[in-house]
Amino acid sequence: SKNSLLTGGGKGLTLVSQFNKELKSADSIDILCSFVKWQGIVAIKGALKEFSDKGKRIRVITTTYTAATDFKAVEYLSKLPACEVKISYNTKLTRLHAKAFLFYRENGFSSAFIGSITPVELQDAHPVVYIFFVIKPCLFNKKFSFILKK
């Protein structure tokens, strides 16, 4: 079990490399993200496509809050075979600014990225302003999986 700090400083671990690495052993993934940008999807699209092509579930919740979500990014995600995208269009009541990536594993050793940056922002991230925490392994499958169930 190891917790790590990921930043946009270009030294050590990067969010994109660790995201891609987590996908290799995950059975499903839930993404809660205030907005989705195409430039960030490009950084992880190969890994997402491979994951989804194996029939592994991807669920994404995002918003149109701040009008930052790119249509092209949502369109790409929605066309992945095992990906479900839900978008909140209510900009008056919804001020979602959370970022969480939950990597579920059937063996119980799930992991999560929780913090203030998304892979989509990492391309131009300032090393001091953006910080992302990695928590792994954590056994949250049974307790928290109900949050995104229909």
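Residues numbered from 1 in each chain as written. Predicted model: local features only at pLDDT ≥ 70, side-chain atom pairs only at ≥ 80, totals over all residues. Heavy atoms only, no water.

Enquirer: Mind showing me how you'd approach the packing of helix α1 (residues 15–25) against helix α2 (residues 38–53) here?
Expert: Packed helices, taken two at a time, are described by their axes: the angle between them and the distance between them. Interaxial distance between α1 and α2 falls to 10 Å at its minimum, and their mutual angle equals 5 degrees. Regarding the angle of α1 to α2, the classification is roughly parallel. Two secondary-structure elements touch here, α1 through Val16, Phe19, Asn20 and Leu23 and α2 through Ala43, Ile44, Ala47, Leu48 and Phe51. (Axes fitted to C-alpha atoms, helices over the stretch in contact; angles between N-to-C directions. Helix = DSSP H or I, 4+ residues; strand = E, 2+ residues; numbered from the N terminus. Parallel < 35°, antiparallel > 145°, perpendicular 65-115°, else oblique. Contact = heavy atoms within 4.5 Å.)

Enquirer: I would appreciate a short explanation of the nonpolar core in the present structure.
Expert: Proteins that are soluble and globular tend to have nonpolar side chains buried together. Counting 24 residues, the largest nonpolar core has Phe19, Leu48 and Ile58 as its most contacted members. The set of elements that each furnish at least two residues to this core consists of α1, β2 (28–33), α2, β3 (57–63), α3 (71–79) and β5 (99–104). No other element matches α2, which puts five residues into this core. Setting aside residues no more than four positions away along its own chain, isoleucine 58 makes contact with Ile29, Ile31, Leu48, Phe51, Ser52, Leu80, Ala82, Cys83 and Glu84. (Core = buried A, V, L, I, M, F, W, Y, C linked by side-chain atoms within 4.5 Å. Buried < 20%, exposed > 50% of the residue type's maximum accessible area, 1.4 Å probe, protein only.)

Enquirer: Any chance you could explain the environment of threonine 62 here in plain terms?
Expert: Looking at where threonine 62 falls in the secondary structure, it is placed in strand β3. You can call threonine 62 buried: its relative accessible area is 1%. Sequence-distant contacts of threonine 62, that is, excluding residues within four places in its chain, are made with Cys33, Ser34, Phe35, Val36, Thr69, Lys86, Ile87 and Ser88.

Enquirer: Just checking my understanding: could you explain the pairing of strand β4 (residues 83–88) for this structure?
Expert: On a regular strand, each side chain points to the face opposite its neighbour's, so the side chains alternate between the two faces of the sheet. Relative to β4, β3 runs parallel, the two sharing six bridges. When the sheet's bridge partners are listed, isoleucine 61 is paired in β4 with lysine 86. Handedness of the β-α-β unit built from β3, α3 and β4 comes out right-handed. (Pairing = 2+ DSSP bridges. Right-handed = clockwise from strand over helix to strand, strands pointing away.)

Enquirer: So what exactly am I meant to see when it comes to α2 here?
Expert: Residues three or four positions apart in an α-helix share a direction because the helix packs 3.6 residues into each turn. Across its 16 residues, α2 extends only 20 Å between first and last C-alpha, which sits more than 12% below the 22 Å expected from 1.5 Å per residue. For α2, the principal kink sits at isoleucine 44 and spans about 60 degrees. Regarding α2, the residues found buried are Trp38, Gly40, Ile41, Ile44, Leu48, Phe51 and Ser52. Positive backbone phi, at 85 degrees, marks glycine 55, one or two positions downstream of α2. (Expected span 1.5 Å × (residues − 1). Bend = angle between axes of the 7 residues up to and from the residue.)

Enquirer: For this particular structure, what's the right way to read the confidence of the model for the protein chain?
Expert: Residues shown with low pLDDT carry predicted positions that ought not to be read at fine detail. Confidence in the prediction of the protein chain, expressed as mean pLDDT, is 75, and 67% of residues score 70 or more. Mean pLDDT values over the elements of the protein chain span from 44, in helix α4 (residues 141–144), up to 94, in α3. Considering only residues more than four positions removed or in separate chains, one finds that residues 125–133, a stretch of pLDDT under 50, has 33 contacts. (pLDDT = per-residue confidence, 0-100.)

Enquirer: How should the environment of valine 42 be read in this particular structure?
Expert: Turning to its location among the elements, valine 42 is positioned in helix α2. Taking the relative accessible area as the measure of exposure, valine 42 reaches 45% and is therefore partly exposed. Here the alpha-carbon distance between valine 42 and alanine 73, two residues 31 residues apart in the chain, equals 8.7 Å.

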